[in-house]
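Next come the chains, spelled out residue by residue.
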Amino acid sequence: MAKKESSGKALSERLCYKKTNYFESATEIEKREIFAYAEGYKAFLDAAKTEREACETAVKLAREAGFTEYRFGDKLSSGDKRYFVNRGKSVVVFRVGTEDIEEDGMRIIASHIDAPRIDIKQNPLYEDAGMAFLKTHYYGGIKKYQWTAIPLALHGVVVLKDGKKVSFAIGEEDSDPVFYINDLLPHLGADQMAGKAGKIIEGEQLNVVVGGMPYADEDVSDRIKLTVLSVLHEKYGMCEEDFLSAELSAVPAFKARDIGLDRAFIGAYGHDDRVCAYPALTAVLEAESRHTVLAMLVDKEEIGSEGTTGIQCKVYEDLMEEISLALGANFRKVRSRSKCLSSDVTAAYDPNFAGVYEKMNSAMLSCGTAMCKFTGSRGKSGSNDANAEFVGEVRKAFAENGVVWQTAELGKVDVGGGGTVAKFVANLNIDTVDLGVPVISMHAPWELISKADLYSNYRAFLAFMK
Ligand code: MN
Ligand code: MN
């Protein structure tokens, strides 16, 4: 038993679990890949600020990669590359593999492309004190005070009286105007600042400034409102009544940018969950697989996965059943053998707010994409809680393919919690586990992620599909 000290070190290295910082372990070639991949992701972020735009951009990338549109009833065969669009707000991109789908099932990566934002109400336009405003109703879980005093862009669609659909995206070009939500000056903010943070800006105060010039005719009332309407009419053929059948949102007008002198991080609106949707999409577009693989980019996750475009809608189950039928397979067998990565973001450990995290089980920035065996709150309520067997299988695939990854739990027990689409996919009798990128300032107008984690997520999807 000589050299006891060094054998202890060797033993520790063999027996103890340690997270790896991916920037540290990456080869020079891998580092270049990490940075190159981030450029494509930033372009996707800037083109896709709403679920409609993300869907459109995904379809464009899919078509460029030789994928064609699939409709229910279409024939399918091995090697087919297809995409299925649901109401312009969600898209499933898939490849038919060479394995017998009835024995092998499908490999599904489920992500979402909606993000918290400020939706415009159906009767929104008014003027007061030299300003025209749009009234709003926020979408998803936001800290309302974060959305004041920043440049906002208006995105969405308006269905005109005659049924014609007009698309909006104002505030993204440098020459475009932007929009604004007022906040109170600190000089008069003593009472406001003494209040609870959730109340310092109330929902009905999130009114968006859209104009300020009175229409040049003193005989009418609400002349600033009329100026705004005249511009909308000129540019989009819109009348005030057309807001009734519109879906407009105010989103941050910021572009995705590198953060840090070493450019390790990316700041952007809507990393949650495009930082998973983009890798899911590119993995399926780029990599052939013996399995039948699906990248699902769905809507409405931020408000409970409801509606015709949320993952609880039967359309996705129908699609899987149609694919099975088209390949002559029994859907019940197919889904029982399918596997899913529910790919959504998690909270990155933040030393500035250490108190809410349990450090050992939190995701660390740059230590790779993070697997959450369970989400939910309190006693794992509302959680999918994946089987150890399935976790073990995924872990093995990651190890065999050199994926740097970690596990994560969203904060300390009983501090809060959250859910993802995992439990809805699992309801279909599909083994599912959560895997996604750790985010700093999740749901803020501008969130931060690590380029290393983004690339790790992509690598993890490739390993899962192999
Ligand atoms: Mn999410
Ligand atoms: Mn979210």
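Residues numbered from 1 in each chain as written. Chains lettered and ligands numbered in written order. Predicted model: local features only at pLDDT ≥ 70, side-chain atom pairs only at ≥ 80, totals over all residues. Heavy atoms only, no water.

(A) Just the domain arrangement of the protein, in detail. Domains assigned within the protein are domain 1 (18–115 + 269–465) and domain 2 (117–252). Between the C-alpha centres of domain 1 and domain 2 there is a distance of 33 Å. Each partner contributes residues to the interface: domain 1 has 16 residues there, and domain 2 has 17 residues. Buried area between domain 1 and domain 2, summed over both chains or domains, comes out near 1,300 Å², and the portion from carbon and sulfur atoms is 50%. The largest share of the area that domain 1 buries against domain 2 comes from Lys 49, Arg 52 and Pro 445, three residues that together contribute 36% of it. Where Lys 49 meets Glu 172, a salt bridge forms, and the shortest distance between an N and an O atom there is 3.0 Å. Summed over the shared surface of domain 1 and domain 2, the number is 9 residue pairs in polar contact (both at pLDDT 80 or more). Residue composition of the side of domain 1 that touches domain 2, grouped by class: 5 nonpolar, 2 polar and 9 charged. (Domains from an automatic or database assignment. Contact = heavy atoms within 4.5 Å. Buried area = accessible area lost by both parts, 1.4 Å probe. Salt bridge = Lys/Arg side-chain N within 4 Å of Asp/Glu carboxyl O. Polar contact = N/O pair within 3.5 Å; in protein donor to acceptor, adjacent residues only side chain to side chain. Nonpolar A, V, L, I, M, F, W, Y, C, P; charged D, E, K, R; others polar.)

(B) Focus on helix α13 (residues 451–465). Along its 15 residues, α13 runs 22 Å from first to last C-alpha, staying within 8% of the 21 Å computed at 1.5 Å per residue. For α13, the tally of buried residues reaches 14 of 15 residues, placing the bulk of the element in the interior. At the N-terminal boundary of α13, the capping side chain belongs to Ser 450, with an oxygen 3.1 Å from the backbone nitrogen of Ala 452. (Helix = DSSP H or I, 4+ residues; strand = E, 2+ residues; numbered from the N terminus. Expected span 1.5 Å × (residues − 1). Buried < 20%, exposed > 50% of the residue type's maximum accessible area, 1.4 Å probe, protein only.)

(C) Representation of the coordination of the manganese ion (ligand 1) within the structure. Donor atoms from the polypeptide that bind the manganese ion (ligand 1) are His 112 (NE2), Asp 272 (OD), Asp 344 (OD) and Asp 344 (OD), placed at 2.1 to 2.5 Å. Between consecutive donors of the manganese ion (ligand 1), the numbers of intervening residues give the motif H-x159-D-x71-D. Metal-to-metal, the separation of the manganese ion (ligand 1) and the manganese ion (ligand 2) is 3.3 Å; Asp 272 coordinates the two. Here the residue Asp 272 occupies a position in helix α8 (residues 271–286), and Asp 344 occupies one in the loop between β15 (339–342) and β16 (346–347), the gap between them amounting to 72 residues. For the pair Asp 272 and Asp 344, one class covers both residues: buried. (Donors = N, O, S within 2.8 Å, 3.2 Å for Na, K, Ca; no water.)

(D) Focus on unusual backbone geometry. The linkage connecting Asp 272 with the following residue, Asp 273, adopts the cis geometry, with an omega of 15°. Relative to the helices and strands, Asp 273 is located in helix α8. Even without being glycine, Arg 263 reaches a positive phi, approximately 60°. Despite not being glycine, Ser 366 has its phi angle at roughly 75°, a positive value. When you line up the elements, Ser 366 lands in the loop between β16 and β17 (369–372). Residue classification places Ser 366 among the buried positions, given a relative accessible area of 5%.

(E) Summary view of the coordination of the manganese ion (ligand 2). The protein atoms that coordinate the manganese ion (ligand 2) are Asp 272 (OD), Glu 302 (OE), Glu 302 (OE) and His 443 (NE2), at distances spanning 2.0 to 2.6 Å. Spacing between the donor residues of the manganese ion (ligand 2) along the chain follows D-x29-E-x140-H.

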